Amino acid sequence: MKDIHLFVPTFDVDTCLEAIGHTLRKGWTGLGDQTVAFEHAFCAQFGLPHAHFLNSASGGLHLAVNILKAEHGWEDGDEIITTPLTFVSTNHAIVYENLVPVFADVDSYLCLDPASVEARIGPRTRAVMFVGLGGNTGQWPAIVELCRRRGLKLILDAAHMAGSLCGGRNPALSADVTVYSFQAVKNLPTGDSGMICFMDPAHDDRARRLAWLGIDKDTYTRSVAPGTYKWQYEVNEVGFKYHGNSIMAAVGLSQLPALSADNARRRRIAELYSRHLEGADGIGIVPTAPDCLSSRHLFQVEIDQREDVIVRLNAARIFPGVHYRDNTEYAVYRHAAGTCPNARRLSRRILSLPLHLRLDDDDVERVATTLREIVATPAVVRPH
Ligand SMILES: Cc1ncc(COP(=O)(O)O)c(C=O)c1O
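The sections below set out a description of the structure shown in this document. Keep in mind that this is a model prediction, so the values were computed, not measured.

A word on the packing of aromatic side chains. In the structure shown here, the tally under the stated rule is 12 aromatic pairs. Residues Phe240 and Tyr242 carry aromatic rings whose centres are separated by 5.1 Å and whose planes lie at 15° to one another, so their mutual orientation is stacked.

Structural data, given as structure tokens:
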């Protein structure tokens, strides 16, 4: 019986190797023509005004918070409302900048619940950090409306959302800044990289400087500019080493044309799972918002006795995942434990089923059938 893993990225290997070979032969593997080309292609495909290629989304989220804080004069101790159901880099980005993550609860889509967000707004609230979990846009329009009404900035952690639409439109167009991840198992996999997309051109400019340690001219611009003073750059503020490189960009550029078809296949897999699991007692399917065309990074179900189910799936050579543990269960965020009961309850019950492009329809049926059988049969009683 073959193993069925949660995520297995698929690369257009020949195209990627050709593109990487081109950068190696050229002898320019850093920030350069490939990173610039990827930014342009990404903006064109996603309808975005700006995109800056980075070495990770974690760095991008930090940069987003850093720039908004500086540009809007936020002070240490000011607050950003965020979700506990995410990868920790979402919330670490807030802490890096001496701001306070205030956790709001999630809805049935596993995304921030606007009512809970509104209840958490206080005099020091400056922004909302929204995560489109698994590609879901949840109640995004209500979050956008709330932020506009209450004068809050809106950061979109779109690590899972490459290709997601809300009401037929890229949700990034309603955020102040959006950060995508192209980490190894994301919908647009590279090895490790990300993209930061500000709406404001001045913020995009600043992101480019700060992602390159605060240096006002990147090495590539200097190399193609005329004149003898190319080495003479200025450093006006302390930045970070967050920019992306041409090898990762070459992979991203090679993968980008297939993203729409890849996401369509992911949605087809999700439909098959839904069909096979429909009506199964004890298995709840995490819904997709009605106005969302999801990138389908994840297909999540809700079950009882999850740990036991995982052990039994593993015995059947099926290896699901969990996205995510309620962040307030981690030592660093435990001060907020108990503040988000939905997230706490759901984080103990959710399970992400294998979802990637190497699954055929029979694999999907095997996962769904095995899960149904396991959930339908009482858990094995283990001796104490
Ligand atoms: C929701 C979310 N945000 C941020 C990140 C960070 O992405 P990266 O690995 O590109 O830093 C991830 C990665 O898993 C993620 O799932």
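Summed over the entire model, instances satisfying the criterion amount to 24 salt bridges. One salt bridge connects Asp3 with Arg317, and the closest N-O pair in it is separated by 2.8 Å. One end of the pair, Asp3, is in the segment before strand 1 (4-5); the other, Arg317, is in the loop between helix 11 (306-315) and strand 13 (318-319), and 314 residues separate them in sequence. Relative accessible area serves as the criterion here: at 34%, Arg317 is assigned to the partly exposed category. As a salt-bridge pair, Arg208 and Glu39 come within 3.0 Å of each other at their nearest N and O atoms. Of the two residues, Arg208 sits in helix 7 (residues 201-210) while Glu39 sits in helix 2 (residues 33-46), which places them 169 residues apart along the sequence. On the accessibility criterion, Arg208 (29% relative accessible area) is partly exposed. Taking the relative accessible area as the measure of exposure, Glu39 reaches 5% and is therefore buried.

Moving on to the sheet that holds strand 6 (residues 153-157). Here we have 7 strands laid out as an open sheet, ordered 2-9-8-6-5-3-4, and mixed in their pairing. Both outer strands of the open sheet, strand 2 (52-54) and strand 4 (100-103), are each paired with one neighbouring strand and no more. Ignoring which end each strand starts from, the neighbouring axes of this sheet average 25° apart. With 5 bridges connecting them, strand 5 (residues 125-131) and strand 6 associate as parallel partners. Counterpart to Phe130 in the pairing with strand 6 is Leu156. Packed on one face of the sheet, helix 3 (residues 57-72) meets strand 2, strand 3 (79-82), strand 5, strand 6, strand 8 (177-181) and strand 9 (194-198) and runs near 165° to strand 8.

Here we take up the sheet that holds strand 12 (residues 300-302). Pairing within the open sheet is antiparallel, and its 3 strands lie in the order 10-12-14. Of all the strands in the sheet, just strand 10 (284-285) and strand 14 (350-352) have a single pairing partner and so form its edges. Judged from the 2 bridges that link them, strand 10 and strand 12 form a sheet pairing that is antiparallel. When the sheet's bridge partners are listed, Gly284 is paired in strand 12 with Glu302.

Once that is clear, we can look at the site of the ligand. Around the ligand, the structure places 17 residues, and the nearest of them are Ser58, Asp157, Ser181, Lys186 and Tyr324. Taking Tyr324, its side chain carries an N or O atom lying 2.7 Å from an oxygen atom of the ligand. In isolation the ligand offers 390 Å² of accessible surface; the protein chains occlude 93% of this area. Listing elements by their share of the shell around the ligand, those giving two or more residues are helix 3 and helix 4 (88-96). Considering every element that reaches the shell around the ligand, the biggest residue donor is helix 3, with 3 residues. For the shell around the ligand, the residue count by class is 6 nonpolar, 9 polar and 2 charged.

Criteria and thresholds
Residues numbered from 1 in each chain as written. Predicted model: local features only at pLDDT ≥ 70, side-chain atom pairs only at ≥ 80, totals over all residues. Heavy atoms only, no water. Phe/Tyr/Trp six-rings, centres within 6.5 Å; stacked < 30°, edge-to-face > 60°. Salt bridge = Lys/Arg side-chain N within 4 Å of Asp/Glu carboxyl O. Helix = DSSP H or I, 4+ residues; strand = E, 2+ residues; numbered from the N terminus. Buried < 20%, exposed > 50% of the residue type's maximum accessible area, 1.4 Å probe, protein only. Pairing = 2+ DSSP bridges. Axes fitted to C-alpha atoms, helices over the stretch in contact; angles between N-to-C directions. Contact = heavy atoms within 4.5 Å. Near = heavy atom within 4 Å. Polar contact = N/O pair within 3.5 Å; in protein donor to acceptor, adjacent residues only side chain to side chain. Areas by Shrake-Rupley, 256 points an atom, 1.4 Å probe, with all protein chains shown as cover. Nonpolar A, V, L, I, M, F, W, Y, C, P; charged D, E, K, R; others polar.

Function-wise, these values are silent; they only describe arrangement.
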